[in-house]
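Residue-level structural notes
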Amino acid sequence: MALLVQKFGGTSVGNVQRIQAVAKRIAFSKDLGNDLVIVVSAMGHTTDELTDLAKTISSNPPQREMDMLLATGEQVSIALLSIALHKLGVPAISMTGTQVGIVTESSHGRARILEVRTERIKARLNEGQVVVVAGFQGTSQSSGGTAEITTLGRGGSDTSAVALATALSAEACEIYTDVPGVLTTDPRKVADAQLMPELSCDEMLELASLGASVLHPRAVEIARNYGVTLVVRSSWNEDPGTTLTSRPARPLGREGLELGRPVDGLELLEKQAVFGLSHVPDQPGMAATLFEALSNGGVNVDLIIQATHEENTNDITFTVSENELSNAQILCESLIATLGGKLTIQKNMTKLSISGAGIMGRPGIAANLFDTLSRAGINLRLIATSEVKVSCVIDASLGTKALRVASEAFELNDSQISLNPPIHGKGQPEVRGVAMDPDQAQLSVRKVPDKPGTAAALCAALADQGISIDAIVQSERHHPDGTRDISFMLKKEDREKADNALAPLLAQWLGAYLEDGPEITRISAVGAGMPATAGTAARMFRAIADADINIAMIATSEIRTSCVVTATAGITALQAVHSCFGLGKKSAL
Ligand code: ADP
Ligand code: ASP
Ligand code: MG
């Protein structure tokens, strides 16, 4: 007999007939002898409708009242599902987040789970009851001891389910939804997306955070950290769906279930060279031509960063291992001779990276790394961020010092630190899935001082206001007064907050100002085999260029490559990238 946590999403409980169908499914699983904890979302679009209702009264309703309102959605579904189970003769009891002991932080609207007090749920399970739990909600314990209803953030029922599975040491957490599992991309946008029977939590974490809404990224983070078996399946059939593989389980710490050590690895990669190509023409196919030439010439490129600049030219920066330097230099020089542009090469560089699932959604961690390094007098030549890793390229002579200060800042021990590790991902697919995120905005800070600590100060100011950023790029070129530009992406919903967050810095940096980019969409390819495969980025850039779409920004990290395109070209670019990696049912490599 197994203890299973099963979660049914909004569409799966969208009307009474569906609730009855779900109840039958649960009854069947119970008959097989399983102990069941069922987590449900609000019916259909209830959460959206409740949000709209509040917005008709106020454009900025208090978060506490929003939580009070939104939490009602899930309460309707747990009661109805329990009634349906009773009707089938299945002993069942519905419980709110509070009743089930989900204790969260106090931040309304996006609270993280600290603990699940399982006594009450266990007692009910021991009585043979199916426990039907309201997802997406918990209770915070304020300093005065007053309990307050909190919600976990949109899509948060997945996180409730995985947290319960962790706390109860369940055999598996099964997420039942309206698609057959995790597909190579969103089937609503690309019709021939294929089911992935298996993928790693690291890959899913990137995909989920880059736009694959099928799973809440925080649910994946918990599954990864605590080794929960996570399965995504269709609510409508018996197919096995997708199983997420994770590393060995880690015991529950005292820091709080969702707050455990966010960083658990530190890596130094020596003998790197940074190539800066500035003033290359801003037109479709430039990046493709450059990286195809490098890949055909046998050069494996690591980080790639590109941001758009004025005067219709771009800067593209990338890193290669020093032993590929002369080869890469010859290839680049012959290219710029025909295409135009200016090449600068810096050798004796080192890449330092911190990794851990908890980096996602906690902008303070990247800011802490940059601040730690800048306080040690270390300048950041390049920055690359992903959901599970933050890397920066620094001067090689400061590598050991950087390693020491970073390991102290994140309290890492020797077993968590690696020096020049072998390339990860051999034998894994270079691209497993692609995702599209239309909710990003591009922002540039023009004319920032060119001195150590500038990027760190910028990240820290944004992090203090809870704003996460991606693809932070410092321009290759300088303005005549010696200043530079820094560009980055942030969530559209954080755009307004960024004005306030950055105001004090802009006041300090004489002449600096913010400039919004055009409407954009981010397209990302993710695959654990990417570091071990040459030419992945080139293929992606070529597919986008062949669709006659210009790439406005590029950002890569170890297992993902993201391209920013204009919003209107998003779906076409997604389809092109999906098919160029042979991910569709009909497409072939
Ligand atoms: P639920 O209400 O069950 O939580 P969601 O709407 O949150 O369901 O998530 C399921 C949806 O996620 C699917 O209908 C699909 O459109 C979307 N989706 C986006 N990317 C993917 C992907 N890679 N694989 C599967 N579904 C995806
Ligand atoms: N009902 C909530 C939402 O729509 C939580 C969830 O469905 O996971 O975001
Ligand atoms: Mg969902």
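For the structure, check the block above.
Heads up: these notes are all about the structure in this document. Small disclaimer: the values here were computed from a predicted structure and weren't measured. (Residues numbered from 1 in each chain as written. Chains lettered and ligands numbered in written order. Predicted model: local features only at pLDDT ≥ 70, side-chain atom pairs only at ≥ 80, totals over all residues. Heavy atoms only, no water.)

A few points about the sheet that holds strand β12 (residues 242-245)
Read across the open sheet, the eight strands follow the order β3-β6-β2-β1-β9-β11-β12-β10; overall the sheet is mixed. Two strands bound the open sheet, and with one partner strand each, they are β3 (92-95) and β10 (198-200). Along the sheet, successive strands turn relative to each other by an average axial angle of 20°, direction set aside. Pairing between strand β1 (residues 3-8) and strand β2 (residues 35-40): six bridges, direction parallel. If you follow L4 over to β2, its bridge partner there is L36. (Pairing = 2+ DSSP bridges. Helix = DSSP H or I, 4+ residues; strand = E, 2+ residues; numbered from the N terminus. Axes fitted to C-alpha atoms, helices over the stretch in contact; angles between N-to-C directions.)

Quick notes on the pairing of strand β16 (residues 342-355)
Here 11 bridges tie strand β13 (residues 265-281) to β16, and the two strands are oriented antiparallel to one another. Residue pairing across strands places G265 opposite S355, the latter belonging to β16. Bridge count for β16 against strand β18 (residues 389-395) is seven bridges, and the pairing is antiparallel. Counted as the bridge partner of K351 is V393 from β18.

Some words on the packing of aromatic side chains
Counted according to the given criterion, the structure contains four aromatic pairs. For the pair F8 and Y176, a centre-to-centre distance of 4.8 Å together with 10° between the ring planes defines the contact as stacked. Taken together, the positions of F8 in strand β1 and Y176 in strand β9 (residues 172-177) put the pair 168 residues apart, joining distant regions of the chain. Each of the two residues, F8 as well as Y176, counts as buried. Connected via pairs of aromatic rings, a cluster forms that spans F275, F291, F318 and F541. (Phe/Tyr/Trp six-rings, centres within 6.5 Å; stacked < 30°, edge-to-face > 60°. Buried < 20%, exposed > 50% of the residue type's maximum accessible area, 1.4 Å probe, protein only.)

Remarks on helix α11 (residues 399-409)
All of the buried residues in α11 are G399, A402, L403, V405, A406 and S407. Close packing links the buried residues of α11 with β13, β16, α10 (363-375), β18 and β19 (417-419). Two residues or fewer after α11 comes E411, characterised by a positive phi angle close to 50°. (Contact = heavy atoms within 4.5 Å.)

Comments concerning the site of ligand 2
Around ligand 2 sit S41, A42, T47, E74, F136, R154, G155, G156 and S157, and those are all the residues in its vicinity. Between ligand 2 and the protein, one listed contact pairs an oxygen atom with a backbone N or O atom of S157 at 3.0 Å. Look at ligand 2: alone it shows 260 Å² of surface, and the protein chains cover 86% of it. The residue makeup of the shell around ligand 2, split by class, is two nonpolar, five polar and two charged. (Near = heavy atom within 4 Å. Polar contact = N/O pair within 3.5 Å; in protein donor to acceptor, adjacent residues only side chain to side chain. Areas by Shrake-Rupley, 256 points an atom, 1.4 Å probe, with all protein chains shown as cover. Nonpolar A, V, L, I, M, F, W, Y, C, P; charged D, E, K, R; others polar.)

Side note on the site of ligand 1
Residues in close proximity to ligand 1 total 17 residues, the closest being T177, D178, L183, D186 and R188. With respect to ligand 1, the side chain of D178 contributes an N or O atom lying 2.9 Å from an oxygen atom. Contact with the protein chains hides 87% of the accessible area of ligand 1, taken as 570 Å² for the molecule alone.

A look at the pattern of salt bridges
Inspection of every chain in the model, using the stated rule, returns 35 salt bridges. Residues D450 and R484 are paired through a salt bridge, measuring 3.8 Å at the closest nitrogen-oxygen approach. Of the two residues, D450 is situated in the loop between β21 (440-448) and α12 (454-464) and R484 in strand β23 (residues 484-491); the sequence distance between them amounts to 34 residues. Judged by its relative accessible area of 40%, D450 is partly exposed. Ionic pairing is found between R495 and D499, a salt bridge with its closest N-O pair at 3.2 Å. Of this pair, R495 and D499 both sit in helix α13 (residues 495-508), separated by four residues, roughly a single helical turn. A single network of salt bridges, built from pairs that share partners, joins R112, R218, E221, E258 and R362. (Salt bridge = Lys/Arg side-chain N within 4 Å of Asp/Glu carboxyl O.)

What about the environment of D264?
With respect to the secondary-structure elements, D264 resides in the loop between β12 and β13. D264 sits 151 residues away from S415 along the chain, and the two C-alpha atoms are 9.8 Å apart.

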